[in-house]
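Here is what each chain is made of, one letter per residue.
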Amino acid sequence: MIRAEDLTKRYADGTLALQGVTVVIRPGEMVGLLGPSGAGKTTFLRLLYGALQPTAGRLEVLGNPMGQLSPAALRRLRRRVAVISQSHHVIPNLSVLHNVLIGRLGHLSTGRSLLALARTPPEEVQRAYRALARVGLAEELFTRAEALSGGQQQRVAVARALVQGASLILADEPVASVDVRTAETVLEVLRELHQQGKTVVLSLHQVDFALAYCTRLLGLNGGRLVYDGPPKEIEGLEIYRTEEEVRDDHGRAPAFERTVFEPRV
Ligand SMILES: Nc1ncnc2c1ncn2[C@@H]1O[C@H](COP(=O)(O)OP(=O)(O)OP(=O)(O)O)[C@@H](O)[C@H]1O
Ligand SMILES: [Mg+2]
């Protein structure tokens, strides 16, 4: 599904955001990316859907060599990948319904998509409605997407992922800007997609959610992969600490760490 070998990304300003990441993600996994701010989580996800090109190393997504794809091949790949990003969740001046339906039209140009939306078959509208109801947005069907809060817009993106029929779902902090109950709904929807055999890769800041929902965790720190394994073994690991903190601290974990790694009760 995803094969990264020595994957490295350096931004134009010289920032080394990802360094030598080697990982294989198999179909049907639900993988959580953990790590402090700036660790490289968003960079990794953006490389996976071809929004960024690798600087060095190799990356294969659904059998496609990333960084060497023609625009047409990249468009074909993106039909099979649903993206829930940290920003740009929705097309602001379209209704919530149309934002969800557009997930089915990834293969068309924007102009053609708009035409297709105008004559959407009723069963497609039903599907979109069910997906929106699933994420608690049934009431907002005809609201213009720009009138929703950030967290609601992100849930529209989750509903879009539900109807898109993608085989790979990439979600960048899908629960960062929602309350705990909504976060659980969103994660349950992602788990449902995973249980249908889809591969889900999501970044998270809350370790307790990662422990409860993911089948495997990847820990990033300073652009390096510092943990790859089952959720239960990550507890107590210090992926959130800078090298300096580890050196300074002589074995006493700072309060922040204790909160972050508190197991779910
Ligand atoms: N477009 C860019 N140009 C230059 N540097 C960038 C760019 N985007 C990100 N970075 C840098 O690359 C590193 C990794 O950033 P990234 O956004 O991948 O981290 P992250 O783990 O997603 O963090 P957060 O938890 O805050 O979202 C950081 O040092 C960041 O400042
Ligand atoms: Mg990020």
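As for the overall build of the protein
- A count of helical and extended segments in the protein gives ten helices and ten strands.
- For the protein, the residues scored as buried account for 49% of the 265 residues in total.
- For the protein, restricting intrachain contacts to residue pairs at least 6 apart in sequence, the fraction spanning at least 24 positions comes to 66%.
- Accessible surface for the protein amounts to roughly 13,000 Å². Of this, 49% is attributable to carbon and sulfur atoms.

Comments concerning the environment of Asp172
- Within the secondary structure, Asp172 sits in strand 7 (residues 168–172).
- In terms of polar contacts, Asp172 uses its side chain to reach the side chain of Ser203, at 2.6 Å.

Re the site of ligand 1
- Close to ligand 1 lie 15 residues, the nearest being Ser37, Gly38, Lys41, Thr42 and Thr43.
- At 3.4 Å, a side-chain N or O of Glu173 approaches an oxygen atom of ligand 1.
- In this structure, an oxygen atom belonging to ligand 1 sits 3.0 Å away from a side-chain N or O atom of His205.
- Protein chains shield 66% of the accessible area of ligand 1, which is 640 Å² for the free molecule.
- Considering every element that reaches the shell around ligand 1, the biggest residue donor is helix 1 (residues 41–48), with three residues.
- Of the residues contributing to the shell around ligand 1, the split by class is four nonpolar, eight polar and three charged.

Considerations on the confidence of the model for the protein
- With 84% of its residues at a pLDDT of 70 or more, the protein has an overall mean of 85.
- Confidence, read as mean pLDDT per element, is least for helix 10 (residues 255–260) in the protein (35) and greatest for strand 1 (residues 2–10) (98).
- Low confidence marks residues 249–265, where pLDDT is under 50. Its contacts with residues over four positions away, or in another chain, come to 22 contacts.

With respect to the pattern of salt bridges
- In this structure the tally under the stated criterion is five salt bridges.
- For Arg134, the salt bridge identified is with Glu192, shortest N-O distance 2.5 Å. One end of the pair, Arg134, is in helix 5 (residues 122–134); the other, Glu192, is in helix 7 (residues 180–195), with 58 residues separating them in the sequence.
- The class of Arg134 is partly exposed, set by a relative accessible area of 29%.
- The exposure class assigned to Glu192 is partly exposed, which follows from its relative accessible area of 27%.
- Across the salt bridge formed by Arg216 and Asp228, the nearest N and O atoms sit 2.8 Å from each other. Within this pair, whereas Arg216 is found in strand 9 (residues 216–221), its partner Asp228 is found in strand 10 (residues 224–229), the two being separated by twelve residues in sequence.
- Asp228 gets classed as partly exposed once you look at its relative accessible area, which sits at 39%.
- Three or more residues joined by partner-sharing salt bridges are found here, namely Glu29, Arg216 and Asp228.

So, the packing of helix 5 against helix 6 (residues 150–164)
- Between helix 5 and helix 6, the shortest axis-to-axis distance is 9 Å and the interhelical angle comes to 135 degrees. As the angle between them shows, helix 5 and helix 6 are arranged oblique. The handedness of the crossing between helix 5 and helix 6 is right-handed. Judged by residue contacts, Arg127, Ala128, Ala131, Leu132 and Arg134 of helix 5 engage Ala159, Leu162 and Val163 from helix 6.
- Residues of the contact of helix 5 with helix 6, tallied by class, amount to six nonpolar, no polar and two charged.

Description of the pairing of strand 8 (residues 199–203)
- For strand 8, the buried fraction is high: five of the five residues fall into the buried class.
- On strand 8, burial covers both faces: Thr199, Val201 and Ser203 on one face and Val200 and Leu202 on the other are all buried.
- Summarising the sheet, strand 3 (residues 30–34) and strand 8 pair through four bridges and their orientation is parallel. Across the sheet, the residue bridging to Val31 is Val201, located in strand 8.
- Here strand 7 runs beside strand 8; their pairing, made up of five bridges, is parallel. Bridge pairing links Ala171 to Leu202 in strand 8.

A few points about helix 7
- If you check helix 7, its first and last C-alpha atoms are 22 Å apart, about what 16 residues at 1.5 Å a residue would give, namely 22 Å.
- Taken together, the buried positions of helix 7 are occupied by Thr182, Ala183, Val186, Leu187, Val189, Leu190, Leu193 and His194. Looking straight down helix 7, one finds that the buried residues subtend no more than 150 degrees of arc, so they occupy a single side. Every exposed residue of helix 7 that faces more than 90 degrees away from the buried side is listed here: Val180, Arg181 and Gln195.
- Positive backbone phi, at 100 degrees, marks Gly197, one or two positions downstream of helix 7.

The rules behind these values
- Residues numbered from 1 in each chain as written.
- Chains lettered and ligands numbered in written order.
- Predicted model: local features only at pLDDT ≥ 70, side-chain atom pairs only at ≥ 80, totals over all residues.
- Heavy atoms only, no water.
- Helix = DSSP H or I, 4+ residues; strand = E, 2+ residues; numbered from the N terminus.
- Buried < 20%, exposed > 50% of the residue type's maximum accessible area, 1.4 Å probe, protein only.
- Contact = heavy atoms within 4.5 Å.
- Areas by Shrake-Rupley, 256 points an atom, 1.4 Å probe, with all protein chains shown as cover.
- Polar contact = N/O pair within 3.5 Å; in protein donor to acceptor, adjacent residues only side chain to side chain.
- Near = heavy atom within 4 Å.
- Nonpolar A, V, L, I, M, F, W, Y, C, P; charged D, E, K, R; others polar.
- pLDDT = per-residue confidence, 0-100.
- Salt bridge = Lys/Arg side-chain N within 4 Å of Asp/Glu carboxyl O.
- Axes fitted to C-alpha atoms, helices over the stretch in contact; angles between N-to-C directions.
- Parallel < 35°, antiparallel > 145°, perpendicular 65-115°, else oblique.
- Left-handed = near helix turned anticlockwise from the far one by under 90°.
- Pairing = 2+ DSSP bridges.
- Expected span 1.5 Å × (residues − 1).
- Arc of directions from axis to C-beta.

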